[in-house]
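Chain residues, written in single-letter form:
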Amino acid sequence: MNKTQADLLNKFGELDHKFMQRAIDLAAKAADAGEVPVGAVLVRDGLVIGEGHNQPITTSDTTAHAEIIALRQANTSEKNYRLPGSTLYVTLEPCSMCAGALVHARVERVVIAAKEPRAGAAGSVLNILNHQSFNHLCQVDFGLYEEESARLLKTFFKQKREQAKANKQAKELNKEGS
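Described below are features of the structure shown in this document. (Residues numbered from 1 in each chain as written. Predicted model: local features only at pLDDT ≥ 70, side-chain atom pairs only at ≥ 80, totals over all residues. Heavy atoms only, no water.)

## Considering the pairing of strand β4 (residues 109-114)
And then number 1: For β4, the tally of buried residues reaches six of six residues, placing the bulk of the element in the interior.
And then number 2: Taken together, the five bridges between strand β3 (residues 86-92) and β4 define a ladder with parallel strand orientation. Following the sheet pairing, L88 is matched in β4 by V110.
And then number 3: Where the polypeptide runs from β3 across helix α5 (residues 96-104) and back to β4, its parallel neighbour, the crossover connection is right-handed.
And then number 4: Sheet topology note: the β4/strand β5 (residues 139-142) ladder contains four bridges and is parallel. The partner of I112 across the bridge, within β5, is F142. (Buried < 20%, exposed > 50% of the residue type's maximum accessible area, 1.4 Å probe, protein only. Helix = DSSP H or I, 4+ residues; strand = E, 2+ residues; numbered from the N terminus. Pairing = 2+ DSSP bridges. Right-handed = clockwise from strand over helix to strand, strands pointing away.)

Below, the structure is given as structure tokens:
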């Protein structure tokens with residue numbers, strides 16, 4: 001175990017590991033459905049109050065990101081649009097839409113496995129979760145199961161590229177055979 005791994009073990013508690021592992025499992029479920037592998041679990045007082053995985057393609061809903069689905073479930077189960085004292089575990093840094101929703105819901109803490117260098121809104125590109133102009137700030141912790149999450153994402157996109165290449169080659173063969 002290297003120093004970084006040891007630091008992460010000390011930074012995150014047993015429940016953090018448990019709930020992020022559930023988020024990883026949900027991300028794998030998304031990948032199996034052909035969706036970008038992102039999973040999210042929303043917890044309060046040690047209990048899951050909402051969870052979800054990416055579903056915008058299968059539901060034809062642009063807003064069906066893992067975080068939004070988890071928030072919707074939690075809002076329904078808690079009968080409240082505000083979720084103070086809650087923690088979201090998510091496998092990929094939230095986009096601006098999801099980060100804004102987390103701020104509005106008053107989620108206390110967001111634990112993120114992997115950074116999103118192209119569209120992350122928890123510090124990578126934007127910092128909506130800790131923007132000083134807002135009336136709520138989220139505590140943000142990065143890095144728990146980062147390698148596992150990154151591996152899921154890399155594998156998913158590699159398979160997508162390979163499938164696109166195979167489809168292109170098949171299309172070209174069909175043109176030649178016509």
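## Details of α5
And then number 1: Three or more residues of α5 are buried, namely C98, A99, G100, L102 and V103.
And then number 2: Against α4 (66-78), β3 and β4 lie the buried residues of α5.
And then number 3: Positive backbone phi, at 65°, marks R106, one or two positions downstream of α5. (Contact = heavy atoms within 4.5 Å.)

## Quick word on the packing of aromatic side chains
And then number 1: Under the criterion given, the structure shown has two aromatic pairs.
And then number 2: Here the aromatic rings of F19 and Y89 are separated by 5.6 Å at their centres, their planes lie at 40°, and the arrangement is tilted. You can see F19 sitting in helix α2 (residues 14-32) and its partner Y89 sitting in strand β3, a full 70 residues away along the chain. This pair shows no difference in class: F19 is buried, exactly as Y89 is.
And then number 3: Centre to centre, the rings of F156 and F157 are 5.1 Å apart; their planes meet at 80°, and the pair counts as edge-to-face.
And then number 4: Residue classification places F156 among the buried positions, given a relative accessible area of 7%.
And then number 5: Its relative accessible area of 36% is what places F157 among the partly exposed residues.
And then number 6: A cation over a ring is seen here: K115 above F142, with NZ or CZ 4.9 Å from the ring centre. (Phe/Tyr/Trp six-rings, centres within 6.5 Å; stacked < 30°, edge-to-face > 60°. Lys NZ or Arg CZ within 6 Å of the ring centre and 35° of its normal.)

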